[in-house]
Amino acid sequence: MTDSARTIHLSDYRPPAWLIESVELDFALDPKATRVRSRIRFTRNPAGDGGDLVLDGEQLSLLSVALDDQPLSDNAYQQDGTSLTIPAAQLPGDSFTFAAEVEINPAANTALEGLYMSNGMFCTQCEAEGFRKITYYPDRPDVMAPFTVRIDSPLPVLLSNGNPVERHGHVAEWHDPWPKPAYLFALVAGDLVAYSDHFITMSGRSVALNIWVRRGDEGKCAYAMDALKRSMSWDEEVYGREYDLDVFNIVAVDDFNMGAMENKGLNIFNSKYVLASPETATDRDYEFIEGIIAHEYFHNWTGNRITCRDWFQLCLKEGLTVFRDQQFSADMRGEAVKRIDDVLSLRARQFREDAGPLAHPVRPESFVEINNFYTATVYEKGAEVIGMLKRLVGDAAYYQALDLYFDRHDGDAATIEDWLAVFEEATGRDLTQFKRWYSQAGTPRLSVKDDFKGDTYRIEFTQETKPTPGQPDKLPQVIPVAIGLLDPSGQEVEPTRVLEITETRQAFQFHGLGKRPVPSILRGFSAPVILDHAPSFEDRALILAHDTDPFNMWEAGRSLSRETLLAMLRDDTPPAGAYLEALARVAANPALDPAFRALVLALPSEDDIAQGAHDAGLVPDPTAIHETRRALSNAVAGAARETLETVYDQMDTGQSYSPDAASAGRRALRNTALRLLSPLDGPDRARAQYAAATNMTDQLAAFACLLEAGDAGIAAAFHDQWKGDRLVMDKWFMMQVAHAAPESAVGTARALTGHADFDWKNPNRFRSVIGGLTAANPAGFHDPTGAGYRFLADWLIRLDRANPQTAARMSTAFETRARYDADRQAMMTEELERIAGTEGLSRDLTEMVGRMLAD
């Protein structure tokens, strides 16, 4: 038996019957019995259909309800477990004030939606539909209103959206003048301290900036504050967007389902994306902090000032804001490396999603539980769609259209149609076909044929998108393909130009060429497609050595690595000496960015290899993939040993630490060399680095090598050093599972779930162990006995009772079921069916499991 659920369709959208002029909320906070009093001024929506007042509400104890200060009797309204309805006949007119008092239990709220407790702190998470667990309200994004909030609590820090009005004793009042939907409401109360600064906007206003943290964490906020100020400056300079309140608050929370939340003026963050010091955070942590701080700040305009009409338009705010944070990070850290990193993430998460039973359009047509659609498709593919649009119309037209979008829709709840309309108006282009990127699921596959006659090079593209659930037939899409041409010596003879593919099959010609060129196709990864093109080894080596496009240089090396791995898997073909020499030349080339060299030396992940094997008609064996990848890594290290030893010594950044991109790139290359050399040379170099490390990046890299080398005491030593730091301990849990031998990985994970420091109700800690197995140790998860599948299913069933949202997201480990052999498929199916048959399963997990079983 599961939660009652119905499918919601985009086509069912109707404007709200009632709009809201103002909201007043009074909170009397108590961990187990918080009282919430609301006064909401409603007015009839001329665009609506009138009718009853229907308010969403879940897990609320209703104490009183009134209209225009007149109490309502029990028979004047209907109440069930999800709503409160006042019939139209009971409503006093076209405008009225609704008032209610409810009681809620934050301490019992382990789902972390609505108002809940985290280590003695009250905090909220209302996106997507958490506000209905706070009070009765039309909990939909197209109902927007200014909020006034009063909080009564003896706790020293009481925060909400907007600007502070006053504080008298235990009562604080906040007012947010900007109309917002309920999902952007936020409240925090706790014994917190602030790391404070200020920012002067481009119009000369001073904005107070605060990062609120638990006592003892204030020394780890400097980088987050710096990232915030840089984000504010960048948004003014690049998009002309200025902050619009007197204060901007960030709160770090340990118990949080997601990365962060853009609540107006009061961003709430998972503490791992705020807190950093050289000793406790890696370069990757610093990079995530910078990007996520920017992402949530940029939402102030693309998400808050302009929000989405309904949850089907989620990609409008998320795809655009991801694209903006990617632009920011590229400007801060280097465009080439950032682009490669973004594509690695896209292929690992979104391409995988598009290839399986969970595939869905960037704008879905239906859902049962909206929390299940906070996906890589909505976020990352949504950002790629924005990037393609910018590439097609050009930079000047893009920013002209954005200015029109902000001017026209400020204060609106907008749609994809509104977004595309401003581009059509600004550019004169017809975007009807381009709109298919929002409605059509799946990753297009672009095949290439070419020939050279006389002085003319001809290239023909064929596009195909495979059927996805509910969409068996696909139409051709608009695909911008950035291409350049190199001559046989590596000189560029045709600079980058964008070919616009709109048909199933389409050809282009280049004239006036003296020799057959080597094409550099899909430069900058100009579209989220799979490129079916099989250039010779010599052509890829030429691109790796000479291309002017860094992405395609990296892609050439990547494709050589993937091809080598598949050949080793298929028939034990040894890696070609020329391939190993090419990687060694990249490693030794001082003209290349160290971060770029590290990326070229990194082999495809085991999951990437499994998908590649599946695409090539092989049945992937996770154990064989693990062993083959390790064998190729050792071969690369053996061929480049002297170079790697030199690089390791040259890239030492010394005792001082800076999180800047150049220093991080040097550490990335040095630690790549360490990882490659350790299996050949033994653990001494890693032990020396571990002992001498003054930053977590270097210590964790050495820790991983020592775990894989079987160092018996290193895990205990790391624990003893860092047991007082909760975020570092998340790393300790994850690393042990991720770097366990496949045959012992499930046992390691099971043992760690029994550790005294394992809190399964904390999402970060849960993900560190269970995700350490399912995502970071595929060969262990896909153990041929099925132990990994049973372990995951056991924990999903248990977690679902406490936190359905996290359980549903973790269930996606089963989405690649169809890749594998019949025995593994049968065992995964058995576990999915066992989950589906669990009494009281949430609608979150029910929907996800149902979609996977339907494949």
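Residues numbered from 1 in each chain as written. Predicted model: local features only at pLDDT ≥ 70, side-chain atom pairs only at ≥ 80, totals over all residues. Heavy atoms only, no water.

Right, let's talk about the overall build of the protein chain for a bit. When helices and strands are counted, the protein chain shows 27 helices and 31 strands. Against the globule reference of 29 Å for 855 residues, the protein chain gives a C-alpha radius of gyration of 28 Å, in line with a compact fold. Over its C-alpha atoms, taken along the principal directions, the protein chain stretches across nearly 85 × 65 × 60 Å. The buried share of the protein chain, taken over its 855 residues, is 59%. In the form shown here, the protein chain has an accessible surface area of approximately 31,700 Å², with 49% of it arising from carbon and sulfur atoms. Charge-centre separation for the protein chain: the mean point of 85 positive side chains lies 2 Å from the mean point of 126 negative side chains. (Helix = DSSP H or I, 4+ residues; strand = E, 2+ residues; numbered from the N terminus. Rg over C-alpha atoms; globule rule 2.2 N^0.38 Å. Buried < 20%, exposed > 50% of the residue type's maximum accessible area, 1.4 Å probe, protein only. Areas by Shrake-Rupley, 256 points an atom, 1.4 Å probe, with all protein chains shown as cover. Lys, Arg positive; Asp, Glu negative; His and termini not counted. Charge placed at Lys NZ, Arg CZ, Asp CG, Glu CD.)

Under the 1.5 Å per step criterion, the end-to-end length of helix 14 (residues 622–639) is 26 Å for 18 residues, consistent within 8% with the ideal 26 Å. One side-chain oxygen at the N-terminal end of helix 14 lies 3.0 Å from the backbone nitrogen of Thr623; it belongs to Asp621. (Expected span 1.5 Å × (residues − 1). Polar contact = N/O pair within 3.5 Å; in protein donor to acceptor, adjacent residues only side chain to side chain.)

On to the packing of aromatic side chains. The tally for this structure, following the rule as stated, stands at 47 aromatic pairs. Ring centres of Tyr239 and Tyr398 lie 6.3 Å apart, and the angle between their planes is 80°; this geometry places the pair in the edge-to-face category. Of the two residues, Tyr239 sits in helix 1 (residues 222–239) while Tyr398 sits in helix 6 (residues 395–409), which places them 159 residues apart along the sequence. Assessed through its relative accessible area of 4%, Tyr239 is described here as buried. For Tyr398, a relative accessible area of 0% translates into the label buried. Judged by centre distance (6.3 Å) and plane angle (55°), the rings of Tyr789 and Phe814 are tilted. (Phe/Tyr/Trp six-rings, centres within 6.5 Å; stacked < 30°, edge-to-face > 60°.)

We now examine the sheet that holds strand 27 (residues 479–486). Pairing is antiparallel across the open sheet formed by 3 strands, whose spatial order is 28-27-30. Edge positions in the sheet fall to strand 28 (492–501) and strand 30 (518–521), since each of these pairs with one other strand and no more. Along the sheet, successive strands turn relative to each other by an average axial angle of 25°, direction set aside. In this structure, strand 27 lies alongside strand 28, joined through 7 bridges in antiparallel fashion. (Pairing = 2+ DSSP bridges. Axes fitted to C-alpha atoms, helices over the stretch in contact; angles between N-to-C directions.)

Let us now look at the sheet that holds strand 4 (residues 53–56). Strand order in the open sheet formed by 3 strands is 4-8-7, with antiparallel pairing between adjacent strands. The two strands at the open ends of the sheet, each matched to only one other strand, are strand 4 and strand 7 (78–79). Pairing geometry for strand 7 and strand 8 (residues 83–86), over 2 bridges, is antiparallel. Across the sheet, the residue bridging to Gln79 is Leu84, located in strand 8.

Now for the nonpolar core. In this structure, Phe98 and Trp419 are the most contacted members of the largest nonpolar core, which totals 272 residues. Per element, the largest residue contribution to this core is 9 residues, and it comes from helix 24 (residues 787–800). With sequence-adjacent residues up to four places away left out, Phe98 is seen in contact with Ser38, Arg39, Ile40, Phe42, Leu53, Leu55, Val65, Ala66, Leu67, Leu84, Ile86 and Tyr136. (Core = buried A, V, L, I, M, F, W, Y, C linked by side-chain atoms within 4.5 Å. Contact = heavy atoms within 4.5 Å.)

In terms of strand pairing, strand 25 (residues 445–453) meets strand 26 (residues 456–464) through 9 bridges, oriented antiparallel. Across the sheet, the residue bridging to Asp451 is Arg458, located in strand 26. Hairpin connection between strand 25 and strand 26: a loop of 2 residues separates the two successive antiparallel strands, and Gly454 in this loop has a positive phi of roughly 65°. For strand 25 and strand 31 (residues 530–532), the ladder comprises 3 bridges, and the chain directions are parallel. Counterpart to Ser447 in the pairing with strand 31 is Asp532.

Time to look at the side chain of Glu127. Topologically, Glu127 is positioned in the loop between strand 11 (121–125) and strand 12 (145–152). Glu127 sits in the buried class, given a relative accessible area of 3%. Side-chain polar atoms of Glu127 contact the side chain of Lys317, separated by 2.9 Å. Not counting residues within four places of it along the chain, the set of residues in contact with Glu127 comprises Tyr183, Met258, Met261, Glu262, Trp311, Leu314, Lys317, Glu318 and Tyr374.

In this section: helix 11 (residues 577–588). With 12 residues, helix 11 extends 16 Å from end C-alpha to end C-alpha; this agrees with the ideal 16 Å at 1.5 Å per step. Those residues of helix 11 lying buried are Tyr579, Leu580, Ala582, Leu583, Ala584, Val586 and Ala587.

Turning next to the packing of helix 1 against helix 3 (residues 314–333). When two helices pack together, their arrangement is captured by the angle between the axes and the distance separating the axes. The contact between helix 1 and helix 3 brings their axes to 11 Å, and the two run at 105°. Judged by the inter-axis angle, helix 1 sits roughly perpendicular to helix 3. Side by side, helix 1 and helix 3 meet where Tyr223, Ala227, Arg230, Ser231, Trp234, Asp235 and Tyr239 of the first sit next to Phe323, Arg324, Gln327, Phe328, Asp331, Met332 and Arg333 of the second. Counted by class, the contact of helix 1 with helix 3 contains 7 nonpolar, 2 polar and 5 charged residues. (Parallel < 35°, antiparallel > 145°, perpendicular 65-115°, else oblique. Nonpolar A, V, L, I, M, F, W, Y, C, P; charged D, E, K, R; others polar.)

Okay, the pattern of salt bridges next. With the rule as written, the count across this model stands at 70 salt bridges. A single salt-bridge network, built from bridges that share partners, covers Glu24, Asp26, Arg150 and Glu173. (Salt bridge = Lys/Arg side-chain N within 4 Å of Asp/Glu carboxyl O.)

This next bit is on the confidence of the model for the protein chain. Taken residue by residue, the protein chain gives an average pLDDT of 97. The fraction at 70 or more is 100%. Per-element confidence in the protein chain ranges from a low mean pLDDT of 96 for helix 9 (residues 537–546) to a high of 99 for strand 2 (residues 18–28). (pLDDT = per-residue confidence, 0-100.)

Attention now moves to the side chain of Glu101. Structurally, the position occupied by Glu101 is in strand 9 (residues 95–104). Given the relative accessible area of 17%, Glu101 is considered buried. Apart from residues no more than four positions distant in its own chain, Glu101 is found in contact with Arg35, Val36, Arg37, Ser61, Leu62, Leu63 and Ser64.

On the secondary structure map, Met651 appears in the loop between helix 15 (641–650) and helix 16 (661–681). Apart from residues lying up to four places away in sequence, Met651 is in contact with Pro594, Arg666, Leu669 and Arg670.

So, on to the packing of helix 10 (residues 550–571) against helix 13 (residues 606–615). The contact between helix 10 and helix 13 brings their axes to 10 Å, and the two run at 70°. Looking at the two axes, helix 10 sits roughly perpendicular to helix 13. Here the hand of the crossing between helix 10 and helix 13 comes out right-handed. In this structure, helix 10 uses Arg558, Arg562, Leu565, Leu566 and Leu569 to contact helix 13, whose residues at the interface are Asp608, Ile609, Gly612 and Ala613. (Left-handed = near helix turned anticlockwise from the far one by under 90°.)

Turning next to the environment of Val481. Locating Val481 in the fold gives a position in strand 27. Under the relative-accessibility criterion, Val481 is labelled buried at 0%. Sequence-distant contacts of Val481, that is, excluding residues within four places in its chain, are made with Leu446, Phe461, Arg497, Val498, Leu499, Ile501, Ile521, Leu522 and Ser526.

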